[in-house]
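Now for the letters of each chain:
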Amino acid sequence: MSQEPRHIQTQWISVPSEDGQAFDAYLALPPSGSGPGLLLLQEIFGVNAHIRAVAEQYALAGYVVLAPDVFWRQARRADLGYEGADYDQAIALMRGLDPELAQADLRAATRALRGRSEVGGRKVAAMGYCMGGRLAYQAAAQGSVDAAVAYYGGGIHGQLDLAQRISCPMLFHYAGIDSNIPAAAVEQVKAAFAGKPATFFWYEGAHHGFNCWMRGAYHPPSAALALGRTLTFLAEQLF
């Protein structure tokens, strides 16, 4: 007997904030309709076409993916490119992000993801890119996720006091050529995780942003290798 083909399903949903408001988040459901949760945390360019595509990519791998609109308090559903005025706006939004409110929104988004019937009590991980990598690290420090993945997480080396709070497994991806995150900073992060369940990978020849196929920094060999390692890590930690 033939079966109906299954597809991912996507939609924007509303998430209650801790201060009585609400923000949007992009939800991507796997073809099976259910699975472990993945909190997907954006770069400074918003939940743009690339981040939405990444959400769909991981939904196809079996995860219930939720990408919250991190900048909603300044500009709802920011959807920016990588050059010119869009880049300038992205930098301004990043600088205008209130750290404490961002932490509260991380908790709210994680709570909403865990509460989805499609997740159904399964484990949840956080994963992010650049600024989002730092947010994934912060989510791990909150103790609200079961695992975390940080792609070239900017600024983590300036928040190493949080590392002592992290007990869940973490995966770090770093570019071999990164003007934003020097090798010394990566070594500081690695040292802070000594004895903890953390794995680090460097990608020689890759620049900051190497995973994004919409950027000039895109480096297909490194992106493919990191994707495989991330899928393996998530499968081992969440299923």
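We now turn to the structure provided with this report. (Residues numbered from 1 in each chain as written. Predicted model: local features only at pLDDT ≥ 70, side-chain atom pairs only at ≥ 80, totals over all residues. Heavy atoms only, no water.)

Looking at the environment of Q74
Step number 1: Structurally, the position occupied by Q74 is in the loop between strand 4 (64-68) and helix 2 (84-95).
Step number 2: At a separation of 2.9 Å, a polar atom in the side chain of Q74 contacts the main-chain carbonyl oxygen of L93. (Helix = DSSP H or I, 4+ residues; strand = E, 2+ residues; numbered from the N terminus. Polar contact = N/O pair within 3.5 Å; in protein donor to acceptor, adjacent residues only side chain to side chain.)

Examining the sheet that holds strand 5 (residues 124-129)
Step number 1: The strand order across the open sheet built from eight strands is 1-2-4-3-5-6-7-8, with neighbouring strands paired in mixed fashion. Each edge of the open sheet is held by one strand with a lone partner, namely strand 1 (9-16) and strand 8 (198-207). Looking at each pair of strands side by side, their axes are set apart by 20 degrees on average, direction ignored.
Step number 2: Across seven bridges, the pairing between strand 7 (residues 170-177) and strand 8 is parallel. The residue of strand 8 that forms the bridge with I177 is H207. (Pairing = 2+ DSSP bridges. Axes fitted to C-alpha atoms, helices over the stretch in contact; angles between N-to-C directions.)

Considering helix 4 (residues 131-142)
Step number 1: Counted at 1.5 Å a residue, the expected span for helix 4 with its twelve residues is 16 Å, and the 17 Å between its end C-alpha atoms agrees.
Step number 2: Burial of helix 4 is extensive: eleven of the twelve residues sit out of reach of the surface.
Step number 3: Along helix 4, the residues classified as buried are M131, G132, G133, R134, L135, A136, Y137, Q138, A139, A140 and A141.
Step number 4: Looking at the packing, one finds that the buried side of helix 4 touches strand 3 (37-41), helix 2, helix 3 (99-114), strand 5, strand 6 (147-151) and strand 7.
Step number 5: Taken from the residues just after helix 4, G143 is the one with a positive phi, measuring 80 degrees. (Expected span 1.5 Å × (residues − 1). Buried < 20%, exposed > 50% of the residue type's maximum accessible area, 1.4 Å probe, protein only. Contact = heavy atoms within 4.5 Å.)

Some words on unusual backbone geometry
A negative phi angle is the norm for most residues apart from glycine, just as the trans form is the norm for most peptide bonds.
Step number 1: One non-glycine residue with positive phi stands out, namely C130, at about 55 degrees.
Step number 2: As for its placement among the helices and strands, C130 is situated in the loop between strand 5 and helix 4.
Step number 3: Looking at C130, the relative accessible area reads 18%, which means it is buried.
Step number 4: Positioned with a positive phi, Y152 is a non-glycine residue whose angle comes to about 35 degrees.
Step number 5: Mapping Y152 onto the fold places it in the loop between strand 6 and strand 7.
Step number 6: Residue Y152 is classed as buried on the basis of its relative accessible area, which comes to 0%.

Describing the layout of surface pockets
Step number 1: Within this model, the largest pocket holds a volume of roughly 290 Å³.
Step number 2: As for the largest pocket, its lining consists of 14 residues, and the residues nearest its centre are I44, Y87, C130, N180 and H208.
Step number 3: It is helix 2 that provides the largest number of residues to the lining of the largest pocket, a total of three residues.
Step number 4: Taken together, the residues of the lining of the largest pocket break down into seven nonpolar, four polar and three charged. (1 Å grid on protein atoms, 1.4 Å probe; cavity = no way out; pocket = protein on both sides within 12 Å on 5 of 7 lines; lining within 4 Å. Points joined across faces, edges and corners; volume = space filled by probe spheres on them. Nonpolar A, V, L, I, M, F, W, Y, C, P; charged D, E, K, R; others polar.)

Topic: the packing of aromatic side chains
Step number 1: For the structure shown, the criterion picks out 18 aromatic pairs.
Step number 2: Judged by centre distance (5.9 Å) and plane angle (80 degrees), the ring pair of Y151 and Y152 falls under edge-to-face. Y152 matches Y151 in its accessibility class, with the two residues each being buried.
Step number 3: Three or more aromatic residues joined by ring pairs make a cluster, and in this case those are Y137, F172, Y174, F193, F200 and W202.
Step number 4: The ring of W12 has R77 sitting right over it, with the charged end atom 4.2 Å from the ring centre.
Step number 5: One Lys or Arg, R229, reaches over the ring of F201 and ends 3.8 Å from the middle of that ring. (Phe/Tyr/Trp six-rings, centres within 6.5 Å; stacked < 30°, edge-to-face > 60°. Lys NZ or Arg CZ within 6 Å of the ring centre and 35° of its normal.)

Quick notes on the pairing of strand 7
Within a regular beta strand, the side chains point alternately toward one face of the sheet and then the other, so they alternate between its two faces.
Step number 1: In terms of residue burial, strand 7 counts as a mostly covered element, since six of its eight residues are buried.
Step number 2: In this sheet, strand 7 lies alongside strand 6 in parallel orientation, the contact comprising four bridges. Each residue of the ladder has a partner; that of A150, found in strand 7, is F172.
Step number 3: Of the crossover connections in this fold, the one passing from strand 7 over helix 5 (residues 183-192) to the parallel strand 8 is right-handed. (Right-handed = clockwise from strand over helix to strand, strands pointing away.)

Re empty space enclosed by the protein
Step number 1: By the definition in use, this model includes one cavity of 30 Å³ or more.
Step number 2: Around the largest cavity sit F23, P68, D69, V70, A102, D105, L106, A109 and L135, which together line it.
Step number 3: Among the elements that make up the lining of the largest cavity, the one with the highest residue count is helix 3 (four residues).
Step number 4: Its residues assigned to classes, the lining of the largest cavity comprises seven nonpolar, no polar and two charged.

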